[in-house]
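Listed below are the residues making up each chain.
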Amino acid sequence: PLSAIVNFARGAMRRVRSDNFDNQTMLEVLEQISLQAERAGEIIRRLRNLVARQPPVRSSVEINDMVREVCSFVEYDMRKLGIEIHLDLSPEALPVRVDLVQIEQVLLNLVRNAMDALERVPEQRVLSIHTSAWGEDSVRVTISDTGPGIPESDMRHLFEPFFSTKASGMGMGLAISKTIIEDHGGHIAAESIPGGGSQFTLLLPTYMYETNSEQASGVC
C-alpha cells in the first residue's frame, strides 16, 4: 500500500505540473491514496495483533480473488519493469478461512520478492501464479519466476529472521510470512527451479462451508 500511495501521488504531481488534470480525476486519485493509507494502518494493526497473540480475525474468502487483488497492487510496477505475469487459477472455487490482510501481505511479499529477482535478469521476465486444490483438505498456491534462482547456500536460511539476500533488506519478510502461514495451520516452502528461477509454495487448509443441516443443528 505504501508503494501504491507513492505511485498515485507521483502520478497526481505529474498531472498538476502538466495541467493535464480535472477535479474528478484528482478526487479519484485522492480516494485511492486514502484507501491505501487506511489499508497500511490495518496491516500494521493486524501484524501487531499477530505478534501479541491476540485472537485472530478470520473470514471466509476465495483464494483466486485474493491473488487477483494482489496482482492489481503491483500492476503498475510490473509494466514499468517489463514483467509478464501468467495467472493459472483454478476454475473451481478455493475457499479458505483466513485473516485477509495477513494472507494478502504474504502473497504480496512473495510477488515483490519475485519481481526483485526478475529485475536481475535482462530478458524473459516472467512471473507465474498457480492455484489448485491439494488433496482433499488443502489449497495450494505457487509463485514462480524466471529469475536467477536461489543459491543452495541460502536455501536453508531463507525463513530465518534477519537473513536477507538483498543489500537493503531487513530479513523479516519471509520470517513473518512463515509465522502467518503456520498460524493459519498452513505450510510454506521454497525451491530453486532447474535452469533458473525460484518457486514458493503455500498450503492453506480448505474451508468447508457449513451445510444447512449443520447450521440447523447448531441453532438447536
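See the structure printed just above.
Definitions and limits used
Residues numbered from 1 in each chain as written. Predicted model: local features only at pLDDT ≥ 70, side-chain atom pairs only at ≥ 80, totals over all residues. Heavy atoms only, no water. Salt bridge = Lys/Arg side-chain N within 4 Å of Asp/Glu carboxyl O. Helix = DSSP H or I, 4+ residues; strand = E, 2+ residues; numbered from the N terminus. Buried < 20%, exposed > 50% of the residue type's maximum accessible area, 1.4 Å probe, protein only. Polar contact = N/O pair within 3.5 Å; in protein donor to acceptor, adjacent residues only side chain to side chain. Axes fitted to C-alpha atoms, helices over the stretch in contact; angles between N-to-C directions. Parallel < 35°, antiparallel > 145°, perpendicular 65-115°, else oblique. Left-handed = near helix turned anticlockwise from the far one by under 90°. Contact = heavy atoms within 4.5 Å. Nonpolar A, V, L, I, M, F, W, Y, C, P; charged D, E, K, R; others polar. Core = buried A, V, L, I, M, F, W, Y, C linked by side-chain atoms within 4.5 Å.

Draft legend 1. Just the pattern of salt bridges, in detail. The final tally for this structure, using the stated rule, is six salt bridges. The partner of K80 in a salt bridge is D77, and the shortest N-O contact between them spans 3.9 Å. Of this pair, K80 and D77 both sit in helix α4 (residues 75-81), three residues apart, roughly one helical turn. Judged by its relative accessible area of 10%, D77 falls in the buried class. Between K178 and E182 there is a salt bridge; the shortest N-O distance is 2.8 Å. Here K178 pairs with E182, and both are found in helix α7 (residues 173-183), just four residues apart, close to one helical turn. The partly exposed category is assigned to K178, whose relative accessible area is 28%.

Draft legend 2. Region of interest: helix α3 (residues 63-73). Looking only at α3, the buried set comprises I63, N64, M66, V67, V70, C71 and F73. Its side-chain oxygen placed 3.0 Å from the backbone nitrogen of N64, E62 serves as the N-cap of α3.

Draft legend 3. Unusual backbone geometry, seen in detail. For Q124, which is not glycine, the phi dihedral falls at a positive 50°. Among the structural elements, Q124 can be located in the loop between α5 (100-118) and β4 (126-134).

Draft legend 4. Quick peek at the packing of α3 against α5. For the pair α3 and α5, interaxial distance at closest approach is 10 Å and the crossing angle is 55°. By the angle between their directions, the pair α3 and α5 is classed as oblique. In the packing of α3 onto α5, the handedness of the crossing is right-handed. Residue-level inspection shows M66, V67, E69, V70 and F73 of α3 in contact with α5, the latter providing L100, I103, E104, L107, L108 and V111. In the contact of α3 with α5, the residues fall into nine nonpolar, no polar and two charged.

Draft legend 5. Focus on the nonpolar core. Counting 39 residues, the largest nonpolar core has L107, V111 and L127 as the members making the most contacts within it. Residue assignment for this core shows that the elements contributing at least two residues are α3, β3 (95-98), α5, β4, β5 (138-145), α7 and β7 (198-205). In terms of residue count, α5 provides more of this core than any other element does, nine residues in total.

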